[in-house]
Amino acid sequence: MTSNSRADFQDPSTKGPIDRRDFLRHSAYGAVAVSALAACNNGGDAAAAAATKSALATPAAGQVPSVSKSEQMDQMHEAGIKAFPAKTEGTGCLPLAPRVDRGVKVYELEATEIKWEVAPGQRVTAMAYNGQVPGPEIRVKEGDRVRVVLTNKMSESTAIHFHGLELPNDQDGVPFITQPPVKPGETFTYEFTVPNSGSHMYHSHHNAAKQVGLGLLGAFIVEPKNPRPIERVDRDFTFILNDGLHGYTFNGKSFPATAPLVAKLGEKIRIRYMNEGMMIHPMHLHGMHMTIIDKDGWPVPAPWKCDTLNVAPGERWDVIVNCTMPGTWAFHCHILPHAESEHGMFGMVTVLVVEK
Amino acid sequence: MTSNSRADFQDPSTKGPIDRRDFLRHSAYGAVAVSALAACNNGGDAAAAAATKSALATPAAGQVPSVSKSEQMDQMHEAGIKAFPAKTEGTGCLPLAPRVDRGVKVYELEATEIKWEVAPGQRVTAMAYNGQVPGPEIRVKEGDRVRVVLTNKMSESTAIHFHGLELPNDQDGVPFITQPPVKPGETFTYEFTVPNSGSHMYHSHHNAAKQVGLGLLGAFIVEPKNPRPIERVDRDFTFILNDGLHGYTFNGKSFPATAPLVAKLGEKIRIRYMNEGMMIHPMHLHGMHMTIIDKDGWPVPAPWKCDTLNVAPGERWDVIVNCTMPGTWAFHCHILPHAESEHGMFGMVTVLVVEK
Amino acid sequence: MTSNSRADFQDPSTKGPIDRRDFLRHSAYGAVAVSALAACNNGGDAAAAAATKSALATPAAGQVPSVSKSEQMDQMHEAGIKAFPAKTEGTGCLPLAPRVDRGVKVYELEATEIKWEVAPGQRVTAMAYNGQVPGPEIRVKEGDRVRVVLTNKMSESTAIHFHGLELPNDQDGVPFITQPPVKPGETFTYEFTVPNSGSHMYHSHHNAAKQVGLGLLGAFIVEPKNPRPIERVDRDFTFILNDGLHGYTFNGKSFPATAPLVAKLGEKIRIRYMNEGMMIHPMHLHGMHMTIIDKDGWPVPAPWKCDTLNVAPGERWDVIVNCTMPGTWAFHCHILPHAESEHGMFGMVTVLVVEK
């Protein structure tokens, strides 16, 4: 297994982020698309830019229209796909290496108010751990001793709840019930022995409808001491869903700025869905089914299969995909208005690229 | 098993659609209701018409009211039930017989813009395959060679995605990723060997939030080579949920224009739920439980029972009902505002009639 | 097992409702919180009152602010927690003792229009059985003969559907399909032998989007003749979710007026979720996982574990929690805007107190 899941998500072949040509090379539509890209060397443009250009192409009154409304729509859709994966400032979910202090893995998290680029040119107000939305991924082993040091550099109080971990009550992170709020300028330290494995989350539990919506959340993944055979995989992807003021996002980005998942033909991959939003998101993968192995970090009694998995707020679902079908596969929320408009795809859309 | 599921839904006894008297004859309330119908021979009226009559019955100022507000409400509710199943123009989900071309089953689909009568007198703008909303039902066998010929007679581009089928990438139907869009006036041909059995769907994957919402969707059912004993049934119903601009619909119609499901006492039936909308719809059957056998066309590890099944967008759930309880059973979405208002039942309501 | 589940919910130690000091004594933050309470002997105040006080503390223009905006927010959050569990008029879900008439358990339900105090000082228009929202809990045994006598003292018609019970059609409670509506002033009697065990519900099935939303609903719990070992528990809690015009409620109350669940360390408890609202509510328990044993009153084929359970309208889910972790554990809907605002926690929030 590739140990660093987030890097896989961005950089499957350890040679830098996949670029648009790589992406389309694996597509059934690749030949056409790549030549189109060759003729149009402004890959960073998103659908919005294409829409502007289409508008410019609209003829003045009295002239014969050179481009129909249908053609304009197709151009906007095409521009969105061509722009993918679009570069934006900032990457969320980067693995956070701990400092080790006498056997304790120490993670430092600093909460700040920032601007975050969700899609090309779309900068939103955010709250972030270590400047990332979602915050950095913490990945530990069952039984590890862990210290999380939270420093609040925001203008309002906060606290961290470790969602899914079965911790002593005083580490539960709920202001006025288990601890005082961590006020602006203050530092608060959590420390515990990691009790249960699985895909968990950490997030604010103070003014949380706002703070989690704006980005104070991250993956807290606990590898088991004794992995089951079904969870021995080639690649391991964390897939955090969010909605609200940042729009519809996967790992903090909206299409075309979402990162593709890339694997090689024949590989077995794991996807860890985590919903930190306010709505359900039924995730649909094209081409291959998913086998559900864990719910909220707990193994299901018997794995089951589907192609559309309904992920509700606060839930985590871990699935296995056997990458048996080469190509570029659409991968999106099946609430269609979360994924496509008349201007093309946006929001909760990415692809799984299965390379031959 | 009756081979043609859709005909069952409309015509259980092969003598034409069930009429209002048939429907109420099997009801515990039948005696009262049928005599009421006899006195009121305008069965095609829906609740709306009743509301108008009630309004006419409202006394002028200063007069003693002859009908209370509560009575008026009851009259509207009763009129809705009496109107069921109401006739409307057009029927969706009709079985589509293939043309066979040297061993290949060929299905022709023509996408057009039409008006569709969702409920009596309520005509909405729609996009339709072969003039139906949902499109015609395609039913094949695992391993069949299938050709789907799509002709676009609409004013915007489109494409078909076979949701749930594990097809080669170039048959996946996503414009600019796996194929060019099918432009107005163009024809595009899909051809593949059907790989996996179960309840699947076909629908537009271009401007899909609009096109699927307006009707470019249908059932694609793949019968297995070796059916399991649990799926040997007497009747087989396809049950497509949609919401959006057409309102809340079952197989393209709103109550009282929805079709009842009709079975005989002691029969075993299968219901294939498919959600093509934007919202969850927890489907509640009165009187008898449902046994879940398949999720997205994949057998569940162990069948499980419920009376309310949450169906999310893009999901399919197959259930078995053993018709052990005679009578007319309400069958509806349990998000109550999808099924009833102060004017009576509407939207996502039908009945299961179990005939003695 | 303590036989009366609802009393547990209110009164775990049979010495009257838990008060604020009891609640906080079990909290990791108890010491601080209790002393704060000692200084502030007006425990009945809710967050709203605190907000007013904070506003009073706001300095006049030109003065140096003595309390920052962040401090004001924290004060409001703290006041909400301190106010919990807040007293309000009326308690729903109280156990209803039957009158026994020649072996038949007779339950009398009177539907009336009332005002209901959802949270301190927040009185809403309601429809209620026996003056309670939710209505009184009916708890019988599999095979019992039961009579439910409904008297309608409201200004509109109504009827009762026993959601989940597999009754003869004429007891199904759907006006104009299985019975006439029960008009204002009328009485209607249901009588049946209880066929299937589990967590069920009774509620209006006439103008139900309004009537159920306003409170005409209750738990109908059927104890099995032969309980499985997994359902032999120390405490048994009914947990009814609702939304709509009354806001986000658990058993008819919003935080801080919700009732805490209280158990002792080492006890095994059962929670019966029932959603009578219009939205999903993914219920998240802190500190300990839940083991799902029943869906809609039917045993699941194999119990499974989670910490966040998505409960859809009309569904019931029964779960077991082994109370292994002492303390006061937040317990809430994980759609965060159903549970917290900038003014603090509200709506779908309570706690599980595990007493040492």
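Residues numbered from 1 in each chain as written. Chains lettered and ligands numbered in written order. Predicted model: local features only at pLDDT ≥ 70, side-chain atom pairs only at ≥ 80, totals over all residues. Heavy atoms only, no water.

S.K.: I tried to follow the overall build of chain A on my own but got confused; where do I start?
M.R.: When helices and strands are counted, chain A shows 6 helices and 22 strands. Buried residues in chain A amount to 64% of all 356 residues. Taking all contacts inside chain A whose residues are at least 6 apart in sequence as the whole, residues at least 24 apart take part in 75%. When the accessible surface of chain A is totalled, it reaches about 11900 Å², and 55% of it is carbon and sulfur. (Helix = DSSP H or I, 4+ residues; strand = E, 2+ residues; numbered from the N terminus. Buried < 20%, exposed > 50% of the residue type's maximum accessible area, 1.4 Å probe, protein only. Contact = heavy atoms within 4.5 Å. Areas by Shrake-Rupley, 256 points an atom, 1.4 Å probe, with all protein chains shown as cover.)

S.K.: Would you explain the relation of the copies chain B and chain A in this entry?
M.R.: Mapping chain B onto chain A calls for a screw motion: a turn of 120° about the axis and a shift of 0.0 Å along it, with 0.0 Å RMSD after fitting. Such a combination of rotation and displacement between the chain copies is what one expects of a three-fold axis. By residue overlap, the copies meet through two different surfaces: only 5% of the interface positions of chain B are interface positions in chain A. (Least-squares fit on C-alpha atoms with pLDDT ≥ 70 in both.)

S.K.: Where do I start with the pattern of salt bridges in this structure?
M.R.: Side chains carrying opposite charge are able to pair once their charged atoms draw close together. According to the stated counting rule, one finds 93 salt bridges over all chains in the structure shown. Among the ionic pairs, B:Arg316 bridges to A:Asp307, the shortest N-O distance being 2.7 Å. Of the two residues, B:Arg316 is situated in strand 18 (residues 316-322) and A:Asp307 in the loop between strand 16 (298-306) and strand 17 (308-311); the pairing between them involves two chains. Judged by its relative accessible area of 3%, A:Asp307 is buried. Where C:Glu137 meets C:Arg139, a salt bridge forms, and the shortest distance between an N and an O atom there is 3.2 Å. A residue is classified by how much of its surface remains accessible, and C:Arg139, at 18% relative accessible area, is buried. Here the residues in one salt-bridge network are A:Glu137, A:Arg139, A:Lys141, A:Glu223, A:Arg228, A:Glu231, A:Asp236, A:Arg270, A:Arg272, A:Asp294 and A:Asp318, joined through shared partners. (Salt bridge = Lys/Arg side-chain N within 4 Å of Asp/Glu carboxyl O.)

S.K.: When you look at the interface of chain B and chain A in this model, what are you seeing that I'm missing?
M.R.: Size of an interface: often given as the accessible area lost when the parts come together. Contacts between chain B and chain A engage 44 residues on the former and 43 residues on the latter. In total, chain B and chain A occlude about 3500 Å² of area from one another, counting both sides; carbon and sulfur atoms represent 61% of this. Sorting the residues of chain B by area buried against chain A places B:Asn169, B:Phe176 and B:Ile177 first, and these three jointly supply 22% of that buried surface. Here chain B is connected to chain A by 4 salt bridges. Summed over the shared surface of chain B and chain A, the number is 23 residue pairs in polar contact (both at pLDDT 80 or more). Elements with a minimum of two residues in the side of chain B that touches chain A: strand 6 (160-163), helix 6 (208-211) and strand 16 (298-306) of chain B. For the side of chain B that touches chain A, the element with the most residues is helix 6 of chain B, which contributes 3 residues. Per-class residue counts for the side of chain B that touches chain A are 18 nonpolar, 15 polar and 11 charged. (Buried area = accessible area lost by both parts, 1.4 Å probe. Polar contact = N/O pair within 3.5 Å; in protein donor to acceptor, adjacent residues only side chain to side chain. Nonpolar A, V, L, I, M, F, W, Y, C, P; charged D, E, K, R; others polar.)

S.K.: Whenever I open this one, the interface of chain A and chain C confuses me. Can you help?
M.R.: Across the boundary between the two partners, chain A contributes 44 residues, which contact 42 residues of chain C. Interface area lost by chain A to chain C is led by A:Asn169, A:Phe176 and A:Ile177, which between them contribute 22%. Residue A:Lys210 pairs with C:Glu342 through a salt bridge whose shortest N-O separation is 3.6 Å. Where chain A touches chain C, the interface holds 23 residue pairs in polar contact (both at pLDDT 80 or more). Split into classes, the residues belonging to the side of chain A that touches chain C amount to 18 nonpolar, 15 polar and 11 charged.

S.K.: Got a minute to help me understand helix 5 (residues 69-83) of chain C in this structure?
M.R.: Given 3.6 residues per turn, any residue in an α-helix points the same way as the ones three and four places further on. All names here are of chain C. Over its 15 residues, helix 5 extends 21 Å from the first C-alpha to the last, a length consistent with the 21 Å expected when each residue adds 1.5 Å. The buried fraction of helix 5 is high, at 11 of 15 residues. Of the residues making up helix 5, those classed as buried are Ser 70, Gln 72, Met 73, Asp 74, Met 76, His 77, Ala 79, Gly 80, Ile 81, Lys 82 and Ala 83. (Expected span 1.5 Å × (residues − 1).)

S.K.: What should I look at first to understand the sheet that holds strand 11 (residues 249-250) of chain B in this one?
M.R.: The strands that make up a sheet pair up through hydrogen bonds in the backbone, lying either parallel or antiparallel. Residue and element names in this part refer to chain B. Judged by pairing direction, the sheet is mixed, and its 6 strands sit side by side in the order 11-10-13-18-15-16 without closing on themselves. Two strands bound the open sheet, and with one partner strand each, they are strand 11 and strand 16. In terms of strand pairing, strand 15 (residues 290-295) meets strand 18 through 4 bridges, oriented antiparallel. Paired with Lys 295 across the strands is Trp 317, a residue of strand 18. (Pairing = 2+ DSSP bridges.)

S.K.: Teacher, can you tell me more about the packing of aromatic side chains here?
M.R.: To describe a pair of aromatic rings, you give the distance between the ring centres and the angle between the ring planes. Overall, the coordinates contain 36 aromatic pairs over all chains when judged by the stated rule. Taking the centre distance of 5.4 Å and the plane angle of 50° together, the rings of C:Phe239 and C:Tyr273 count as tilted. Taken together, the residues span a long stretch of sequence, with C:Phe239 in strand 10 (residues 235-242) and C:Tyr273 in strand 13 (residues 268-275) at a distance of 34 residues. Like C:Phe239, the residue C:Tyr273 is buried in the burial classification. On the basis of an interplanar angle of 85° and a centroid distance of 5.9 Å, the ring pair of C:Trp304 and C:Trp317 is categorised as edge-to-face. Residue C:Trp304 is located in strand 16 (residues 298-306), and its partner C:Trp317 is located in strand 18 (residues 316-322); the two are separated by 13 residues in the primary sequence. Accessibility expressed as a relative area gives 19% for C:Trp304, which makes it buried. Aromatic ring contacts, followed pair by pair, group A:Phe162, A:Phe188, A:Tyr190, A:Phe192 and A:Phe220 into a single cluster. The lysine or arginine in question, B:Lys295, covers the ring of B:Trp317, its NZ or CZ lying 5.2 Å from the ring centre. (Phe/Tyr/Trp six-rings, centres within 6.5 Å; stacked < 30°, edge-to-face > 60°. Lys NZ or Arg CZ within 6 Å of the ring centre and 35° of its normal.)

S.K.: Teacher, can you tell me more about the relation of the copies chain A and chain C here?
M.R.: Both copies of the chain are related by one operation, a rotation about an axis with a shift along it. By a simple turn and slide, chain A fits onto chain C: the slide is 0.0 Å along the axis, the RMSD is 0.0 Å, and the turn is 120°. When the interface residues of chain A are mapped onto chain C, a mere 5% of them are again interface residues, pointing to distinct binding faces.

S.K.: Help me understand the nonpolar core, please; the structure alone is not making it clear to me.
M.R.: Generally speaking, a soluble globular protein has its nonpolar side chains buried in company with each other. Among the nonpolar cores identified, the biggest contains 101 residues, and A:Tyr273, B:Tyr273 and C:Tyr273 are the most heavily contacted of them. Ignoring anything within four residues of it in the chain, the contact list for B:Tyr273 reads B:Phe239, B:Met283, B:Met290, B:Leu309, B:Val311, B:Glu315, B:Arg316, B:Trp317, B:Val319 and B:Phe331. B:Tyr107, B:Ile138, B:Val182 and B:Phe192 belong to the second-largest nonpolar core, a separate cluster that totals 26 residues. (Core = buried A, V, L, I, M, F, W, Y, C linked by side-chain atoms within 4.5 Å.)

S.K.: Hey, could you run me through the sheet that holds strand 18 (residues 316-322) of chain A in this one?
M.R.: In spatial order, the strands read 11-10-13-18-15-16 (chain A); together these 6 strands make up an open sheet with mixed pairing. At either end of the open sheet lies a strand with only one pairing partner, and these are strand 11 (249-250) and strand 16 of chain A.

S.K.: It is not clear to me how the environment of C:Asp234 should be interpreted in this structure. Could you clarify?
M.R.: Residues and elements named next belong to chain C. Positionally, Asp 234 belongs in the loop between strand 9 (217-223) and strand 10. Residue classification places Asp 234 among the partly exposed residues on the basis of a relative accessible area of 31%. Along the primary structure Asp 234 and Ile 269 are separated by 35 residues, whereas in three dimensions their C-alpha atoms are 5.7 Å apart.

S.K.: Is there a simple way to explain unusual backbone geometry in this structure?
M.R.: Residues and elements named next belong to chain A. In the segment running from Phe 84 into Pro 85, the intervening peptide bond is cis, with an omega of -10°. With respect to the helices, strands and loops of the structure, Pro 85 is situated in the loop between helix 5 (69-83) and strand 1 (99-101). Positive phi values are uncommon outside glycine, yet Asp 296 reaches one of about 55°. Along the chain, Asp 296 falls in the loop between strand 15 (290-295) and strand 16. The exposure class of Asp 296 is buried, given its relative accessible area of 0%.

S.K.: For this particular structure, what's the right way to read the side chain of B:Asp296?
M.R.: A distance of 2.9 Å separates a polar atom in the side chain of B:Asp296 from the backbone nitrogen of A:Asp307. Other than its neighbours up to four places away in sequence, B:Asp296 contacts A:Cys306, A:Asp307, A:Thr308, B:Ser199, B:His200, B:Gly314, B:Glu315 and B:Arg316.

S.K.: Sorry, what's going on with the environment of A:Ala259 here?
M.R.: Residue and element names in this part refer to chain A. Inspection of the secondary structure puts Ala 259 in the loop between strand 11 and strand 12 (261-264). Residue classification places Ala 259 among the buried positions, given a relative accessible area of 11%. Each C-alpha atom, one on Ala 259 and one on Leu 214, is 20 Å from the other, the two residues being 45 residues apart in sequence.

S.K.: Just to check I follow, could you spell out the confidence of the model for chain A for this structure?
M.R.: Caution applies to low-pLDDT regions: their predicted coordinates should not be interpreted in detail. All names here are of chain A. For chain A, the mean per-residue pLDDT works out to 87, and 81% of the residues sit at or above 70. Scored below 50 in pLDDT, residues 1-17 makes 44 contacts in the model with residues more than four places away or belonging to other chains. Counting contacts from residues 31-61, a segment whose pLDDT is below 50, to residues more than four positions away or on other chains yields 41 contacts. For this predicted complex, the interface confidence score (ipTM) comes to 0.87, while the overall pTM stands at 0.89. (pLDDT = per-residue confidence, 0-100.)

S.K.: Explanation requested: the state of the cysteines in the structure shown.
M.R.: A covalent bond between the sulfur atoms of two cysteines is referred to as a disulfide. Scanning the entire structure with this criterion turns up 0 disulfides over all chains. Note on A:Cys333: no disulfide assigned, nearest cysteine sulfur contributed by A:Cys306 at a separation of 13 Å. With no disulfide partner, B:Cys93 has as its closest neighbouring cysteine sulfur the one in B:Cys333, 18 Å distant. For B:Cys93, a relative accessible area of 0% puts it in the buried group. (Disulfide = S-S within 2.5 Å.)

S.K.: Please clarify how the pairing of strand 6 (residues 160-163) of chain C should be interpreted in this entry.
M.R.: Residue and element names in this part refer to chain C. Across the two faces of strand 6 the burial is the same, with Ile 160 and Phe 162 and His 161 and His 163 all buried. Pairing of strand 6 with strand 8 (residues 198-204) involves 4 bridges; the strand directions are antiparallel. When the sheet's bridge partners are listed, His 161 is paired in strand 8 with His 203.

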